[in-house]
Amino acid sequence: MAAKNSQNARNDKQAGTKGDRLEEYRGKRAAGRTPEPVPSDGPLPEGDDDTFVIQEHHARSLHWDLRLERGGVLVSWAVPKGIPPDPRTNHLAVHTEDHPLEYAAFHGEIPKGEYGGGQMTIWDRGTYETEKWSEREVKVVLHGSRVSGRYVLFRTGGKNWMIHRMDPPADPDAEPMPESLRPMLPEERDRLPRDPAGYGFEFAWGGRRLLAYVEGGRTRFTDGRGREIGGPAGLGPRLGETLGARPAVLDGELAEVEGRETYLIFDLLYLDGRSLLEAPYEERRERLDELELNAARWQTAPWYPGEADAVRAAARGQGLPAILAKRLDSPYEPGERSDAWRLLPA
């Protein structure tokens, strides 16, 4: 198959590919100002035309770059939402300039102000086979550690293409992300639960409830009534970039912390194609902590299993009016006011 790919690519050259295929690439970059490979003009290398790489590119907007070795260069597409794992969803793929073969191993920080400035990491790489290659359609079989299967790229107009998975879903058991959820609510109580060891305790920040739906590096928000709203300026894109290709639904509130508006995240309702609504609160919190979602505009809110008195004392010290007690074994009940969650005066 590799020999066939190479012959196809040589036929491409002989059929009329003219000029320097890396001229546009070199014209956008200057050796010495960027760590990217900038090869000098000359004959293109001869390869097997069977290497692919997908790079996660945190440039002006997060996207993934799919590059296929072909005729001595990496033919490239920028895919804003990443490679689709399910044939029911097609993703936009914008054709970009050919890249040198050395780019398949590139990762690092492209300086601000340079073309494509931002962090570049290798998200996946491997080999591929060509089933069809024309000016309007490219069919390939990818063999990577994160992406495998048959894909087709088809041109829709100008530089805009679409990428479609031709095989069954990569994860046949994946559940779709919920379109909208209403948040679970606590009941008000005056006294601590009799068995505090069975509860996790959190601060009640008194902010605005927001659920965040993150997919393909993009974020949308719903309010306490499940209505889609615009999120705080700049919060959505940055939060989406942090999670990258991992789809997730987060529950939290927008509150002022130390003089700054901050999204405080205290629950995880969906992750990587799996609903966590039936998972116990303790498991959801542990998995949320593993995501390490902490930055200037958002924080994973702390929780303290069994430490009712310490949390109440700390809340009083910070001037917070209340705390929350959440039963460790409780599922998430969307839109319900449940005794499993209790709002208690500090």
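Figured I'd write up the structure that's included with this text. (Residues numbered from 1 in each chain as written. Predicted model: local features only at pLDDT ≥ 70, side-chain atom pairs only at ≥ 80, totals over all residues. Heavy atoms only, no water.)

1. Some points on the overall build of the protein
Part 1 of the reasoning: Along the protein, the regular secondary structure elements total five helices and 21 strands.
Part 2 of the reasoning: Along the first, second and third principal axes, the C-alpha atoms of the protein reach 80 × 45 × 30 Å.
Part 3 of the reasoning: Expressed as a percentage of contacts within the protein between residues at least 6 apart in sequence, the contacts between residues at least 24 apart total 60%.
Part 4 of the reasoning: A total accessible area of about 16800 Å² is found for the protein, and carbon and sulfur atoms account for 47% of it.
Part 5 of the reasoning: Distance between charge centroids for the protein: 4 Å, based on 48 positive and 58 negative side chains. (Helix = DSSP H or I, 4+ residues; strand = E, 2+ residues; numbered from the N terminus. Contact = heavy atoms within 4.5 Å. Areas by Shrake-Rupley, 256 points an atom, 1.4 Å probe, with all protein chains shown as cover. Lys, Arg positive; Asp, Glu negative; His and termini not counted. Charge placed at Lys NZ, Arg CZ, Asp CG, Glu CD.)

2. Quick look at the sheet that holds strand E11 (residues 199-204)
Part 1 of the reasoning: In spatial order, the strands read E10-E21-E20-E11-E19; together these five strands make up an open sheet with mixed pairing. With partners counted over all chains shown, the strands left at the sheet margins are strand E10 (185-188) and strand E19 (304-305), one partner each.
Part 2 of the reasoning: Summarising the sheet, E11 and E19 pair through two bridges and their orientation is antiparallel. Bridged to Phe201 within E19 is Tyr304.
Part 3 of the reasoning: Across the sheet, helix H5 (residues 308-317) is in contact with E11, E19, strand E20 (322-327) and strand E21 (337-345); its angle to E11 comes to roughly 0°. (Pairing = 2+ DSSP bridges. Axes fitted to C-alpha atoms, helices over the stretch in contact; angles between N-to-C directions.)

3. Quick look at the environment of Tyr25
Part 1 of the reasoning: Inspection of the secondary structure puts Tyr25 in helix H2 (residues 23-27).
Part 2 of the reasoning: You can call Tyr25 buried: its relative accessible area is 0%.
Part 3 of the reasoning: Taking the C-alpha atoms as reference points, Tyr25 and Glu97, separated by 72 residues in sequence, lie 6.0 Å from one another.
Part 4 of the reasoning: Excluding its chain neighbours within four sequence positions, the residues that come into contact with Tyr25 are Glu36, Pro37, Val38, Pro39, Glu97, Asp98, His99, Pro100 and Tyr103. (Buried < 20%, exposed > 50% of the residue type's maximum accessible area, 1.4 Å probe, protein only.)

4. Regarding the layout of surface pockets
Part 1 of the reasoning: Estimated volume of the largest pocket: approximately 1300 Å³.
Part 2 of the reasoning: What lines the largest pocket is a set of 41 residues, among which Ile83, Pro85, Glu215, Ala245 and Pro247 lie closest to the centre.
Part 3 of the reasoning: Elements with a contribution of two residues or more to the lining of the largest pocket: strand E8 (148-157), strand E12 (208-215) and strand E13 (218-222). (1 Å grid on protein atoms, 1.4 Å probe; cavity = no way out; pocket = protein on both sides within 12 Å on 5 of 7 lines; lining within 4 Å. Points joined across faces, edges and corners; volume = space filled by probe spheres on them.)

5. Description of the packing of aromatic side chains
Part 1 of the reasoning: Going through the model one piece at a time under the given rule, you end up with ten aromatic pairs.
Part 2 of the reasoning: For the pair Tyr25 and Tyr103, a centre-to-centre distance of 6.0 Å together with 90° between the ring planes defines the contact as edge-to-face. Highlighted residues: Tyr25 in helix H2 and Tyr103 in the loop between strand E4 (91-100) and strand E5 (108-110), separated in sequence by 78 residues.
Part 3 of the reasoning: Take Tyr103: its relative accessible area is 1%, and that puts it in the buried class.
Part 4 of the reasoning: Seen from their ring centres, Trp77 and Trp133 are 6.5 Å apart, and the 55° between their planes marks the pair as tilted. On the criterion of sequence distance, the pair formed by Trp77 in strand E3 (residues 73-79) and Trp133 in strand E6 (residues 118-133) is long-range, its members being 56 residues apart.
Part 5 of the reasoning: Chaining the aromatic ring pairs together yields one cluster made of Tyr25, Tyr103 and Phe106.
Part 6 of the reasoning: Here the guanidinium or amino end of Arg220 rests over the ring plane of Tyr213, the centre of that ring lying 4.2 Å away.
Part 7 of the reasoning: Sitting above the plane of the Trp341 ring, Lys326 keeps its charged end 3.8 Å from the centroid. (Phe/Tyr/Trp six-rings, centres within 6.5 Å; stacked < 30°, edge-to-face > 60°. Lys NZ or Arg CZ within 6 Å of the ring centre and 35° of its normal.)

6. Digging into H5
Part 1 of the reasoning: Residues Ala308, Val311, Arg312 and Ala315 constitute the buried set of H5. In a view along the axis of H5, the buried residues occupy a sector of 100°, so they form one face of it. Residues of H5 that are exposed and point over 90 degrees away from its buried face: Asp309 and Gly317.
Part 2 of the reasoning: Considering only its buried residues, H5 is in contact with E11, E19, E20 and E21.
Part 3 of the reasoning: Looking one or two residues past H5, Gly319 carries a phi angle of roughly 75°, positive in sign. (Arc of directions from axis to C-beta.)

7. A word on the pairing of strand E9 (residues 160-165)
Part 1 of the reasoning: Side chains Trp161, Ile163 and Arg165 of E9 all project onto a buried face; the interleaved residues Asn160, Met162 and His164 project onto a face where none is buried.
Part 2 of the reasoning: Sheet analysis places E4 next to E9, joined by four bridges and oriented antiparallel. Residue pairing across strands places Leu92 opposite Met162, the latter belonging to E9.
Part 3 of the reasoning: Bridge analysis of E8 against E9 gives six bridges, and the strand direction is antiparallel. Across the sheet, Leu153 pairs through a bridge with Ile163, a residue of E9.
Part 4 of the reasoning: Linking E8 to E9, which pair antiparallel, is a turn of two residues; within it Gly158 sits at a positive phi near 60°.

8. Quick look at unusual backbone geometry
For residues besides glycine, phi is generally negative; the peptide bonds are generally trans as well.
Part 1 of the reasoning: If you check the backbone angles, Asp49 has positive phi at about 55° while not being a glycine.
Part 2 of the reasoning: Owing to a relative accessible area of 3%, Asp49 belongs among the buried residues under this scheme.

9. A word on the side chain of Arg29
Part 1 of the reasoning: By secondary structure assignment, the location of Arg29 is in the loop between H2 and strand E1 (51-58).
Part 2 of the reasoning: Residue Arg29 is classed as buried on the basis of its relative accessible area, which comes to 10%.
Part 3 of the reasoning: Of the polar contacts made by the side chain of Arg29, one reaches the side chain of Glu97; its length is 3.1 Å.
Part 4 of the reasoning: Setting aside anything within four residues of it in sequence, one finds Arg29 in contact with Thr34, Glu36, Val38, Glu97, His99 and Tyr115. (Polar contact = N/O pair within 3.5 Å; in protein donor to acceptor, adjacent residues only side chain to side chain.)

Everything listed is a geometric property; what it means functionally is a separate question.
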